[in-house]
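Residues per chain are reported as follows:
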Amino acid sequence: MDHGSDPDRRVTTRRISFEASLAALPRHFAADGDLVTSHVIAALSSVFPDGEDFFVRSVRHYRDRLDDPVLSRQVAGFIGQESMHGREHRALNARLAELGYPTLQGERLTRWGLALRSRLLPPISNLAATAALEHVTATLAELLLSDPEARRLCGHQGITDLFLWHALEESEHKAVAFDVYRAVGGGERLRILTMRLMTLAFVVGTALQVAASLLLDPATYRRGNLRASLRRFLASPFVQPAVRARLRAYNRRGFHPDDVDASALTARWRDELFGDGGTLRDLLVTASGRGEGT
Ligand SMILES: [Fe+2]
Ligand SMILES: [Fe+2]
């Protein structure tokens, strides 16, 4: 099954800043001051900036080999979006570090691990890893965009807004790295094998970061707190079988990210966040940037 790159896909770079809305962030910002969810969100944020730098490097490596002008434009939008995500998550991580989260150590470890990976493995393997992790982020993103309970759990408005913006753009560009991988001749065996390894690395890496983060938080040692919070987290939409099934769909030969059509979902959130009267319009530095225009 060959989809090619979707000419209707819009990958817009939005220049935006959340810094003001995160200034008064409390330590346990997740809904109901939940311990584990706050640490999971902080752990995810700590791996994003350097992960996204790695995605950009992996895709940029092949940029000159693309002869489809539609895909080339989408790549420009992808690079713009991921660069902005990295910038805003670094700002959030600095704020979380002030609150006592080990987000800067998480950033450094991610940077080190991915630099090592880039040195040891060929570019096509790094691109396969990017396409795989983009499926992981798109899965989480579309869960957040479609499930009100997932959004509620984010808690603090600044965190919710930042993750909604990020989720919208992850869904908008979810097929770009994948289409580049296909366009430069990446094969199915490497794609699927890489996904298996990257899912494991992502789950283990995030779990270790969450564990280290929890160990440093005095609230973890309050009697019964950790156990009750863990129980709530395991009942949350993020760890339900549907998420695992969606992740595993990538391991099927012939899979394409657009097999799950999210165009109505992205259209809805584009409008809610950035349309006339959109809730995040005021945070935009400019309405259009380096990527594709609207
Ligand atoms: Fe991103
Ligand atoms: Fe992405």
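Residues numbered from 1 in each chain as written. Chains lettered and ligands numbered in written order. Predicted model: local features only at pLDDT ≥ 70, side-chain atom pairs only at ≥ 80, totals over all residues. Heavy atoms only, no water.

Visitor: So what's going on with the overall build of the chain? Which residues, and what values?
Guide: Across its full length, the chain holds 11 helices and two strands. The C-alpha atoms of the chain give 18 Å as radius of gyration, which agrees with the globular expectation for 294 residues (19 Å, within 12%). Based on the C-alpha atoms only, the size of the chain along its principal axes is roughly 60 × 45 × 30 Å. When each of the 294 residues of the chain is scored for burial, the buried share is 54%. Considering only contacts within the chain whose residues lie at least 6 apart along the sequence, 84% involve residues at least 24 apart. As presented, the chain carries roughly 13600 Å² of accessible surface, and 58% of it is formed by carbon and sulfur atoms. The average position of the 38 basic charges and that of the 35 acidic charges among the side chains of the chain differ by 7 Å. (Helix = DSSP H or I, 4+ residues; strand = E, 2+ residues; numbered from the N terminus. Rg over C-alpha atoms; globule rule 2.2 N^0.38 Å. Buried < 20%, exposed > 50% of the residue type's maximum accessible area, 1.4 Å probe, protein only. Contact = heavy atoms within 4.5 Å. Areas by Shrake-Rupley, 256 points an atom, 1.4 Å probe, with all protein chains shown as cover. Lys, Arg positive; Asp, Glu negative; His and termini not counted. Charge placed at Lys NZ, Arg CZ, Asp CG, Glu CD.)

Visitor: Hey, could you go over the coordination of the iron ion (ligand 2) for me, with residue numbers and the actual values?
Guide: All of the protein donors around the iron ion (ligand 2) are Glu 82 (OE), Glu 134 (OE), Glu 134 (OE), Glu 170 (OE), Glu 170 (OE) and His 173 (NE2); their distances to the metal are 2.0 to 2.7 Å. Given six donor atoms and angles of 52 to 152° at the metal, the environment of the iron ion (ligand 2) is assigned as irregular. Read in sequence order, the donor residues coordinating the iron ion (ligand 2) give the pattern E-x51-E-x35-E-x2-H. In this structure the iron ion (ligand 1) is found 3.8 Å away from the iron ion (ligand 2), and Glu 82 serves as a bridging donor for the pair. Taken together, the residues Glu 134 in helix α4 (residues 123-146) and His 173 in the loop between α6 (157-172) and α7 (176-183) connect sequence positions 39 residues apart. You can call His 173 buried: its relative accessible area is 0%. (Donors = N, O, S within 2.8 Å, 3.2 Å for Na, K, Ca; no water. Tetrahedral: all angles 85-135°; square planar, octahedral: opposite > 155°, others 65-115°.)

Visitor: I'd like a description of the environment of Glu 142, backed by residues and values.
Guide: For Glu 142, the location among the structural elements is in helix α4. Considered as a pair, Glu 142 and Leu 168 are 26 residues apart in the sequence and their alpha carbons are 7.9 Å apart. Among residues more than four places away in sequence, those in contact with Glu 142 are Ser 171, Lys 174, Arg 246, Val 260, Ala 262 and Leu 265. A polar atom in the side chain of Glu 142 sits 2.8 Å from the side chain of Ser 171. (Polar contact = N/O pair within 3.5 Å; in protein donor to acceptor, adjacent residues only side chain to side chain.)

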